[in-house]
Amino acid sequence: MTAGTTGPRRPLPLRLPLLVAPMAGGVTTPELVAAVCAAGGSGFLPGGYLTAEQLGHNLARLDELLDEQAMAAVPYGVNLFVPTPSDRQRDATAVLDYADRLGEQAGQPRWNDDDHYTEKLHLLVEEHPVKMVSFTFGCPRPEDVQALHQVGTRVLVTVTDRDEAQAAAGLGVDGLVVQGFDAGGHRGTHDVAKAPNHRDALALLPELSHLDLPMVAAGGVATRGDVQRLLAAGAVAVQAGTAFLRCPEAGTSPAHRELLSTAHGTRVTRAFSGRPARGLVNDFMERHEDFAPSVYPQVDQVTKPLRAAAASRGDSSQISGWAGAGWSAAQDLPAGEVFASLLP
Ligand SMILES: Cc1cc2nc3c(=O)[nH]c(=O)nc-3n(C[C@H](O)[C@H](O)[C@H](O)COP(=O)(O)O)c2cc1C
């Protein structure tokens, strides 16, 4: 595919129009993706926060689970975070002030962190190509798209507005993940400092249809009706995350599960990572969000030890409990049942 072209693309390798979303931090496990595959669907394994070795391990585990169920040919995807350029000169003071506020347990910012992007891309090109790779937090480089295309991988980019979609289309990608403001976890906004818009996928889909790219819709999916509406609005598939958070196959921590059953709502905050992300409202969010600078991943790094310590002592008031606006509909059910309940 030539960069810069538009026009009808080949369809994405999808089985049914419903996918389990990539949820980093150990939430979308190989077991969760395999369970959704067994129910007839598919999904994206998260690559974010992992080393290439850890991602390779999760890919091998998913392949093993699919093999055991004679589903080796089921197409699935991997999701990667595009590195966010950071400017130490400009941002160090703001990040260190925030760390001071958090107290002695705060972590150290790292200024050259690319989330092992190059190594993971190498793994996906040279060692373990997959059918689809989706990117979030920005567009990959043209040579990354080309390298993935050369090994037969379809490339998708998460977008939250027209400009981001236009930029992705200009790269010759094969699809867009159209993420609305009601989505759980990080907003895929390409510019970290930009205030995210308040548009849901239902509003975004018709705005992006002129690009003529397959669109996977994401955000706030809680019922079969939500899925049907997104498909009717032009999505080729829907990607749900929060609906699967309480499944036994998900790696959701006990503190996160507790918050899902006790919280009163969600909102978008920069408190945990510096990037806008939707999570269940808790004490950490309320106490710190007014002070968090828009600097990613350094804010994530300084809050991480506090969040990890809270998770290990089961304290849901100090964790990042990512969840979408449909959080209250999530149920303690096996992933196959959740999948079947959402499938049109
Ligand atoms: C716990 C959690 C972690 C997430 N991690 C990622 C991620 O690693 N990469 C990504 O592209 N999106 C991530 N997301 C966003 C999802 O891919 C998807 O856009 C979102 O879950 C859809 O909205 P919903 O949660 O309301 O269904 C995450 C969402 C949650 C809830």
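All of these numbers come straight from a predicted model, not from anything done at the bench.

> Would you mind showing me how to read the pairing of strand β6 (residues 175-179) here?
Look at any regular strand and the pattern is simple: side chains alternate between the two faces of the sheet. Within β6, five of the five residues are buried, which leaves it mostly tucked inside the rest of the structure. Bridge count between strand β5 (residues 154-159) and β6: four bridges; the pairing is parallel. Bridging from a neighbouring strand, Leu156 pairs with Gly175 of β6. For β6 and strand β8 (residues 215-218), the ladder comprises four bridges, and the chain directions are parallel. By the bridge assignment, Leu176 is partnered in β8 with Met215.

> Whenever I open this one, the sheet that holds strand β10 (residues 266-269) confuses me. Can you help?
Two orientations exist for strands paired in a sheet by backbone hydrogen bonds: parallel and antiparallel. Taken together, three strands build an open sheet; the order of strands is β7-β11-β10 and the sheet is antiparallel. Two strands bound the open sheet, and with one partner strand each, they are β7 (185-186) and β10.

> What's the story with helix α3 (residues 88-102) in this structure? I'm lost.
A turn of α-helix holds 3.6 residues, and therefore any two residues three or four places apart point the same way. End to end, α3 covers 20 Å across 15 residues, agreeing with the expected 21 Å (1.5 Å per residue, within 8%). Considered for burial, the residues of α3 that qualify are Val95, Tyr98 and Ala99. Projection of α3 onto a plane perpendicular to its axis shows the buried side chains occupying an angular sector of 100°, all on one side. Away from its buried face by more than 90 degrees, α3 exposes Gln89, Thr93, Asp97 and Asp100. The inward-facing, buried residues of α3 abut α11 (298-312). Gly103 sits one or two residues past α3 and shows a positive phi near 95°.

> In this structure, what is going on with the site of the ligand? I would like to understand it.
Neighbouring the ligand are 30 residues, the closest being Ala24, Gly184, Gly185, Gly241 and Gly324. Elements represented by at least two residues in the shell around the ligand include exactly β7 and β9 (237-240). When grouped by side-chain class, the residues that make up the shell around the ligand number 13 nonpolar, 16 polar and one charged.

Rules used in this analysis
- Residue positions are given per chain, counted from 1 along the sequence in the order it is written.
- Residue-level local features of this predicted model are given only where pLDDT is at least 70; pairs of side-chain atoms are given and counted only at 80 or more, and the full residue set underlies all totals for whole chains, interfaces and linings.
- Partly exposed residues are those falling between the two cut-offs: more than 12 but fewer than 20 other C-beta atoms within 10 Å of their own, whereas 20 or more means buried and 12 or fewer means exposed, with C-beta atoms placed from the backbone.
- In DSSP terms, a helix is any run of H or I states spanning at least four residues, a strand is any run of E spanning at least two, and both are numbered starting from the N terminus.
- Pairing between two strands is assigned when DSSP locates at least 2 bridges connecting them.
- Here a helix's expected span is defined as the number of its residues, less one, multiplied by 1.5 Å.
- The arc in question is the one traced by the directions running from the helix axis out to the C-beta atoms.
- What counts as a contact is two residues whose backbone-derived C-beta atoms lie within 7 Å of each other.
- What makes a residue near a molecule or strand is its C-beta atom, placed from the backbone, lying within 6 Å of it.
- Here the nonpolar group is Ala, Val, Leu, Ile, Met, Phe, Trp, Tyr, Cys and Pro; Asp, Glu, Lys and Arg are the charged ones; every other residue, Gly included, is treated as polar.

On their own, these measurements won't tell you what the molecule is for.
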